[in-house]
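# Descriptive structure summary
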Amino acid sequence: MTRSSAADLDPDDLGFEHVPETDQSFENALAKARDGTRLTVDDAVELLTTGSDAPGIDRRRKEAVLEAADRRRAEVVGDEVTFVANLNNNVTTACNTGCLFCNFKDTAHQFETDHGGGHAGFTKTPAESREAVAGAVERGVYEVTSVSGLHPAFALNDEHHEILRGYDDAASAVNYKPPERYVTDPGTYVDQLDAMSVDGVHLHSMTPEEAYHARRGTDWNYEEVYSELADAGLDSAPGTAAEILVDEVRDVICPGKIDSQGWIDAMEGAMAAGLDTTATIMYGHVDNEMHRAIHLQRVRDLQDRTGGITEFVPLSFVHERTPLYEHGVVSGGASDAEDELLIAVSRLFLDNVENIQTSWVKYGDEKALKTLSCGANDFMGTILSEEITKRAGGSYGEFRSFDDYVDLVTSVGRIPVERSTDYRDRRRIDPDEGPPFGPTLGPKADGTPLLSERERAGRAGTDAAADD
Ligand SMILES: C[S@@+](CC[C@H](N)C(=O)[O-])C[C@H]1O[C@@H](n2cnc3c(N)ncnc32)[C@H](O)[C@@H]1O
Ligand SMILES: Nc1c(NC[C@H](O)[C@H](O)[C@H](O)CO)[nH]c(=O)[nH]c1=O
Ligand SMILES: N[C@@H](Cc1ccc(O)cc1)C(=O)O
Ligand code: SF4
């Protein structure tokens, strides 16, 4: 069943078929985790629940799971904690997909020329995107992550515009309105990537959902679309939009999105086009431990087939300003124990994905540091600007300097390491040599700090959103 509004949902009966019940025991699952036997979905459920036969989390059992994951992390990737010098450049917040966990988007009609009222969102032209990227590259950033709303005027290229214009009632048939209808034309996906290709910066962009948007209304396949995007400068694709890869959950939280198989098809297309990818899970809303375990299996299967996933990124649901919370469908996000167990079981279950990322944006510094001893080894990036979590009510900040990274990582006895997006280039940072520390791996990165003390203080209250 597809429902489109949070107000229509009965929180006490979401009708889920998948529930966290198994024939496995916690002890058996833990023994398998400890000796490195490949885990099943039932094993993962036992570990995530610390025993599905009893309600609540058992503290002692939880510590045993975290310890097993920490040991595995040490065996697989050692004591280095990696991070990247990157910029988030989101192109537009205009989106009609209506995901109930998301407050990043603004309904797209507000961006039209004949819309009277104001709005808090933005659309950047390709020239504006280039300016944002050029400024960051000048300062030593060498990765740009760009994820955006599915603006109805976005098309892959000029040919795609022609195809979409050919539809009768294109707005409802293919979610298309021509750029002339909008105050700001976002250009095409190819234009945006071309514009953001500044001095060899690594472009990490085009989620599976965006790739779907870039081929809607055509018979093009994902590999062709990603190949054209790669020609325009794309280097790797973020595997967001995964949310929970179980359709009964997607039907509740994102009925307008591609389904689980669609996400997998897009990821396979990206990798067939030669791109690296990342994979995510967005958990802690209406999902249960069985859903999380099935999700992990789908990601592991995909990685068995492709080998192109460089990292797994758990994104804990930020609830405060989202339709799911405002309509009482959920009463909050994941607990600390759930966050720790999710990181730990991701490490133990995904025996074919080397890097598990922890997000200081979602968890805050204290919890993110704790997760570095529950299985995580990557601490994401400087990002310099953050809108998705902030708009959902998250308050853990939107940028991180290398000095902060070195302080945080050394405070838990680990080794700070600057990395490239694909983890192939690495530089160990010697804390005794600085501060200030800055990035050195990019073409224009010379070790100069990305943010001076003064800028960091000055930016603490800045709002990056601009008017359309
Ligand atoms: C905001 S979308 C932007 C890209 C594109 N529209 C898409 O859906 O793939 C990127 C991701 O942000 C994450 N996200 C959105 N709202 C969130 C929230 N309230 N808490 C945690 N993650 C969230 C979701 O996992 C989503 O797939
Ligand atoms: N976890 C979050 C990320 N992760 C992405 C990284 O910053 C980086 O782009 C990736 O590891 C590839 O190098 N980005 C966010 O904006 N917010 C997060 O919560
Ligand atoms: N920007 C996304 C997260 C993200 C982007 C790229 C990734 O590879 C992973 C996660 C968010 O804040 O939720
Ligand atoms: S998650 Fe992405 S597709 Fe869904 S509403 Fe937000 S911006 Fe749009």
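Within each chain, residue numbers correspond to sequence positions counted from 1 in written order. Ligands are numbered from 1 and chains lettered from A, in the order in which they are written. Only residues with pLDDT of at least 70 are given local features in this predicted model, and only at 80 or more are side-chain atom pairs given and counted; all residues enter the totals for whole chains, interfaces and linings. Processing note: side-chain calculations cover all non-hydrogen atoms of the structure and skip hydrogens and water entirely.

## Examining the packing of helix α11 (residues 260-272) against helix α12 (residues 289-306)
In a packed pair of helices, the relevant descriptors are the angle between the two axes and the axis-to-axis distance. Formally: To define axes, lines are fitted to C-alpha atoms, for helices over the stretch in contact only, and angles between the resulting N-to-C directions are given on a 0 to 180 degree scale. Put simply, DSSP H or I for four residues or longer makes a helix, DSSP E for two residues or longer makes a strand, and each gets a number counted from the N terminus. We call two directions roughly parallel when the angle between them is under 35 degrees, roughly antiparallel when it is over 145, roughly perpendicular when it lies between 65 and 115, and oblique otherwise. The crossing is said to be left-handed when, going from far helix to near helix, the turn is anticlockwise and less than a right angle, and right-handed when the turn is clockwise. Any two residues having at least one pair of non-hydrogen atoms within 4.5 Å are treated as being in contact. Under the convention adopted here, Pro, Cys and the residues Ala, Val, Leu, Ile, Met, Phe, Trp and Tyr are nonpolar, Asp, Glu, Lys and Arg are charged, and Gly plus all remaining residues are polar.
Taken N-terminus to C-terminus, the directions of α11 and α12 make an angle of 25°; their axes are 11 Å apart at the nearest point. Considered as vectors, α11 and α12 are oriented roughly parallel to each other. In this structure, α11 crosses over α12, and the sense of that crossing is right-handed. Contacts from S260, W263, I264, M267, E268 and M271 in α11 reach R298, L302, R305 and T306 in α12. Its residues assigned to classes, the contact of α11 with α12 comprises 5 nonpolar, 2 polar and 3 charged.

## What about the site of ligand 2?
Stated precisely, the cut-off is as follows: Being near a molecule or strand, for a residue, comes down to having at least one heavy atom within 4 Å of it. In the analysis that follows, any N or O atom pair within 3.5 Å is treated as a polar contact, provided that within protein one partner can donate a hydrogen and the other can accept it, and provided that, for residues neighboring in sequence, both atoms belong to side chains. Residue exposure ignores everything except the shown protein chains as possible cover, and the areas themselves are Shrake-Rupley values with a 1.4 Å probe.
Residues in close proximity to ligand 2 total 18 residues, the closest being E143, E311, Q357, S359 and R419. A distance of 2.9 Å separates an oxygen atom of ligand 2 from a polar atom in the side chain of T145. Within the side chain of S359, an N or O atom sits 2.7 Å from an oxygen atom of ligand 2. In isolation ligand 2 has 440 Å² of accessible area, and contact with the protein removes 91% of it. When contributions to the shell around ligand 2 are tallied by element, the ones reaching two or more residues are β2 (86-88), β3 (143-146), β7 (309-316), α15 (360-363) and β9 (378-381). Considering every element that reaches the shell around ligand 2, the biggest residue donor is β7, with 3 residues. Tallied by class, the residues present in the shell around ligand 2 amount to 6 nonpolar, 8 polar and 4 charged.

## Some thoughts on the pattern of salt bridges
Should their charged atoms come close, side chains of opposite charge can pair. As a reminder of what qualifies: When a carboxyl oxygen of Asp or Glu is within 4 Å of a side-chain nitrogen of Lys or Arg, the pair counts as a salt bridge. In this scheme, a residue with accessible area under 20% of its type's maximum is buried, one over 50% is exposed, and one in between is partly exposed, where area comes from a 1.4 Å probe on protein chains only.
Applying the stated criterion to the full structure yields 32 salt bridges. Among the ionic pairs, E67 bridges to R71, the shortest N-O distance being 3.1 Å. A residue pair is termed a helical-turn pair when its members lie 3 or 4 positions apart in one helix, as E67 and R71 do in helix α3 (residues 59-77) at 4 residues. Linking D339 and K367 is a salt bridge whose minimum nitrogen-to-oxygen distance equals 2.5 Å. Residue D339 is found in helix α14 (residues 336-349), and its partner K367 is found in helix α16 (residues 365-371); the two are separated by 28 residues along the sequence. A relative accessible area of 1% places D339 in the buried class. If you follow the salt bridges from partner to partner, you end up with K62, E63, E340 and K370 in one network.

## A word on the confidence of the model for the protein
Condition: Known as pLDDT, the predictor's per-residue confidence is scaled from 0 to 100.
Here the protein shows a mean pLDDT of 95. Residues at 70 or above account for 96%. This stretch, residues 461-467, has a pLDDT under 50; its non-local contacts, to residues over four places away or in other chains, come to 13 contacts. Interface confidence for the predicted complex, given as ipTM, is 0.98, next to a pTM of 0.96.

## Here's the deal with the pairing of β7
Quick note on the threshold: Strands pair, by our definition, only if DSSP identifies at least two bridges between them. Whether a crossover is right-handed comes down to one check: with the strands pointing away from the viewer, does the path from the first strand over the helix to the second run clockwise; if it does, it is right-handed.
With 8 of its 8 residues buried, β7 lies for the most part within the structure. Across 6 bridges, the pairing between strand β6 (residues 276-283) and β7 is parallel. Looking across to β7, one finds that I281 is bridged to P314. With respect to chirality, the unit in which β6 leads through α12 into the neighbouring parallel β7 is right-handed. Pairing of β7 with strand β8 (residues 355-356) involves 2 bridges; the strand directions are parallel. Along β8, the bridge assignment pairs E311 with N355.

## Examining a negative patch on the surface
The test is simple: Residues enter patches when their relative accessible area tops 30% and they take part in no salt bridge; the joining distance is 9 Å for like charges and 5 Å for the nonpolar side chains Val, Leu, Ile, Met, Phe, Trp and Tyr. Positive residues here are Lys and Arg, negative ones are Asp and Glu, while His and the chain termini are left out of the count. By convention, the point assigned to a charge is CZ for Arg, NZ for Lys, CD for Glu and CG for Asp.
Together, D158, E162, D185, D191 and D194 line one region of the surface with negative charge. Positionally, D158 belongs in helix α5 (residues 158-165). With a relative accessible area of 58%, D158 lands in the exposed category.

## Observations concerning the sheet that holds β9
One open sheet accounts for 4 strands, arranged β9-β1-β10-β11; its pairing is mixed. Either end of the sheet is taken by a strand with one partner, and the two such strands are β9 and β11 (426-428). Ignoring which end each strand starts from, the neighbouring axes of this sheet average 25° apart. Relative to β9, strand β1 (residues 80-84) runs parallel, the two sharing 2 bridges. Within β9, the position partnered with V84 by the bridge is G381.

## With respect to the site of ligand 3
In the neighbourhood of ligand 3, the contacting residues comprise T145, H204, P238, T240, T278, T280, E311, L315, K362, E386 and I388. One nitrogen or oxygen atom from the side chain of T278 is found 2.9 Å from an oxygen atom belonging to ligand 3. Protein coverage of the free-state accessible area of ligand 3, which is 340 Å², stands at 86%. Sorting the residues of the shell around ligand 3 by element identifies β6 and β7 as the ones contributing at least two each. Residues of the shell around ligand 3, tallied by class, amount to 3 nonpolar, 5 polar and 3 charged.

## Quick word on the UniProt feature "domain: Radical SAM core" (unreviewed entry) in the protein
What counts, and what does not: UniProt positions are given in the numbering used here, feature names are shortened, and annotations may be inferred rather than shown by experiment.
In this numbering, the UniProt entry assigns the feature "domain: Radical SAM core" (unreviewed entry) to residues 81-354. Helix makes up 39% of residues 81-354 and strand 13%. Its end C-alpha atoms lie 12 Å apart.

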